[in-house]
Every structure is written in structure tokens, then in C-alpha cells.
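Geometric and topological summary
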Amino acid sequence: MFHRIPHKDQSIEGIRDTTKYLNSHRRFNRWQFKSFLKRLSALNIDGRYLEIGSGPGLLAAEIASVRPEVDITAVELSPEMVSLAQDQIAERKLEGRVRFLAGSADDETLLGGLGKFSLVYSTFSLHHWEKPVDAFRSLYNAVADGGVLLIHDLCRVWWLYMLPLNGGFIRSVRAAYRPKELKQMLQQAGVSPFTIETSFPRFEISVLSRKRPSSKH
């Protein structure tokens with residue numbers, strides 16, 4: 001029923017493509033991250049943050065601007081996006097608190113060398129991950145005892161899935177996961193405990209796991 005259709009990304013390369021992508025995201029920035037930022041504010045976590053799938057760096061810049069008590073390491077698959085994100089951080093004079101690295105969510109060697117974080121988070125990149133179970137395992141291992149893993153993404157819902165459209169948003173919905181699928185992947189990755197919540201109108205989904213201090217992961 002409404003089987004997942006993996007997302008086939010078109011590469012974003014060169015200054016023209018990356019700038020176009022940045023300008024597009026700037027227009028929808030506040031709407032896109034509204035529910036995630038509300039959840040983040042309620043958690044009120046200080047310390048070191050790890051962001052996965054940072055894109056052009058708009059979210060990292062927003063968080064660093066409103067939370068001066070945190071430092072952010074952001075990992076992005078596209079080197080072109082990393083370069084663009086670094087420019088955004090420089091413009092806002094946040095270089096000392098935000099750094100960007102090229103890499104993937106399932107790169108255990110890269111993430112393992114970064115140390116532990118009080119918060120590991122990602123927004124709207126889960127449906128792009130090639131190896132989601134490996135990624136969940138690597139990200140959970142990067143969470144410090146007592147820290148939080150927070151993953152926010154789209155949810156595959158029938159009424160959006162069935163629209164006779166084929167734009168980028170609809171393709172992302174078709175590539176997204178349902179709660180049952182996420183539960184299975186999280187269990188395979190050894191993430192425990194965790195909660196999965198969908199939000200009105202139920203095309204967004206959040207995974208939250210607070211790592212117990214006694215955890216042996």
C-alpha cells in the first residue's frame with residue numbers, strides 16, 4: 001500500500017545551481033523549519049550540536065543566532081553546498097561557532113572522529129539517506145549520554161502521495177517513511193528508547209531519542 005519510491009536526486013553543482021537552491025530555500029525558510037524549531041526550543045539543549053544534511057546552512061545559522069550557548073558541527077554531502085554554507089556563516093559572523101564538513105550520515109569513521117554531542121539532529125534529509133539503518137546507528141553513537149537524537153522529516157501519507165503531481169515536494173513525500181518503517185529501522189540500528197510523532201496535517205514526522213546515561217552504545 002503506497003509503497004515507497006526512493007528519491008533520485010539531481011546533482012546540484014556550480015555557483016548557479018547552488019545559489020538558485022539557496023534563494024529557493026530562503027523564501028520558505030521560516031515555514032519549512034517552524035515545527036522543528038518549536039520542538040528544539042522546548043527541549044532547551046545547550047552544548048555541542050551535530051547537524052546532518054545542512055544544505056546551504058540556513059538552519060544552522062538560524063539556530064546559532066538565537067542560541068549563543070551552542071556550537072554546531074554541520075555535515076553535508078555536497079561539497080558545493082558546504083562552500084555555500086560557509087559563506088552564509090561568514091556573512092553572519094558565526095565562524096567561531098559553526099563549522100561545515102563534507103560527508104554522509106552513514107560515514108561512521110567521520111562521525112566517530114567528531115566526538116560526542118548533546119544534540120544530533122537532521123531536518124528533511126532522512127528520505128535521501130542511502131543507508132538509513134547505518135545512518136541511525138552512526139548518529140546515535142555520536143550522541144553523548146543524556147543527549148538527544150532528533151530527526152525531522154516528511155511522512156508518506158496517502159492523500160499527498162496520490163496527488164497527480166510530480167514536483168520535488170511530492171517526490172520527497174513518496175520517498176519518505178511511515179512510522180512503522182521508521183520503528184523497524186530504529187530497532188535494527190539499536191536506538192533505544194525512542195518516540196515517533198506525526199504532526200498535523202500529518203505529512204511531517206519526528207523521531208526523538210534521549211540516550212540514557214547508563215547506555216552502553
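Residues numbered from 1 in each chain as written. Predicted model: local features only at pLDDT ≥ 70, side-chain atom pairs only at ≥ 80, totals over all residues. Heavy atoms only, no water.

Comments concerning a nonpolar patch on the surface
Here is the rule we go by: Only residues whose relative accessible area exceeds 30% and that form no salt bridge are eligible for patches; like-charged ones are grouped when within 9 Å, while nonpolar side chains (Val, Leu, Ile, Met, Phe, Trp, Tyr) are grouped when within 5 Å. For the area figures, the Shrake-Rupley method with a 1.4 Å probe applies, and any residue is considered shielded solely by the protein chains shown. The working definition used for a salt bridge is a side-chain nitrogen of Lys or Arg within 4 Å of a carboxyl oxygen of Asp or Glu. Put simply, DSSP marks the helices as runs of H or I at least four residues long and the strands as runs of E at least two long, and each gets a number from the N terminus on.
Together, W158, W159 and M162 give the surface a local cluster of nonpolar side chains, amounting to about 370 Å² of exposed area. Of note, M162 is situated in the loop between α6 (158–161) and α7 (168–175).

Describing the nonpolar core
Put simply, the rule is: The definition of a nonpolar core used throughout is a set of buried Ala, Val, Leu, Ile, Met, Phe, Trp, Tyr and Cys residues joined through side-chain atoms within 4.5 Å. Exposure is judged per residue with a 1.4 Å probe applied to protein chains only, and the accessible area is read against the type maximum: over 50% gives exposed, under 20% gives buried, and values in between give partly exposed. Throughout, a contact is declared for two residues whenever any of their heavy atoms are within 4.5 Å.
Y49, L50, I63, I72, Y121, W129 and F136 are the most contacted members of the largest nonpolar core, which has 59 residues in total. With six residues, strand β5 (residues 143–154) is the single largest residue contributor to this core. Those residues in contact with I72 that sit more than four places away from it in its chain are Y49, E51, A60, I63, A64, R97, V98, R99 and Y121.

A few points about helix α8 (residues 179–189)
Rules: Comment: arc refers to directions from the helix axis out to C-beta atoms.
Listed as buried for α8 are L182, M185, L186 and A189. An end-on view of α8 places all buried positions within 100° of arc, on one side of the element. Looking at the buried positions of α8, the neighbouring elements they touch are α5 (132–141), β6 (195–199) and β7 (204–210).

Observations regarding the pattern of salt bridges
Throughout the structure, instances matching the rule amount to five salt bridges. The shortest N-O distance in the salt bridge between D46 and R67 comes to 3.3 Å. Separated by 21 residues along the polypeptide, D46 in the loop between α1 (14–43) and β1 (47–52) and R67 in the loop between α2 (58–66) and β2 (70–76) bring together distant segments of the chain. For D46, a relative accessible area of 45% corresponds to the partly exposed category. Here R67 falls in the buried class, since its relative accessible area comes to 10%. Close ionic contact of R156 with E181 constitutes a salt bridge, the shortest N to O distance being 2.9 Å. Placement of R156 in the loop between β5 and α6 and of E181 in helix α8 is noted, with a sequence separation of 25 residues between them.

Some thoughts on the side chain of R174
With respect to the helices and strands, R174 occurs in helix α7. We classify R174 as buried; its relative accessible area is 13%. Discounting chain neighbours no more than four positions away, the residues touching R174 are H3, R4, I5, R156, Y161, L163, L165 and N166.

Purely geometric stuff here, so don't read any function into it on its own.
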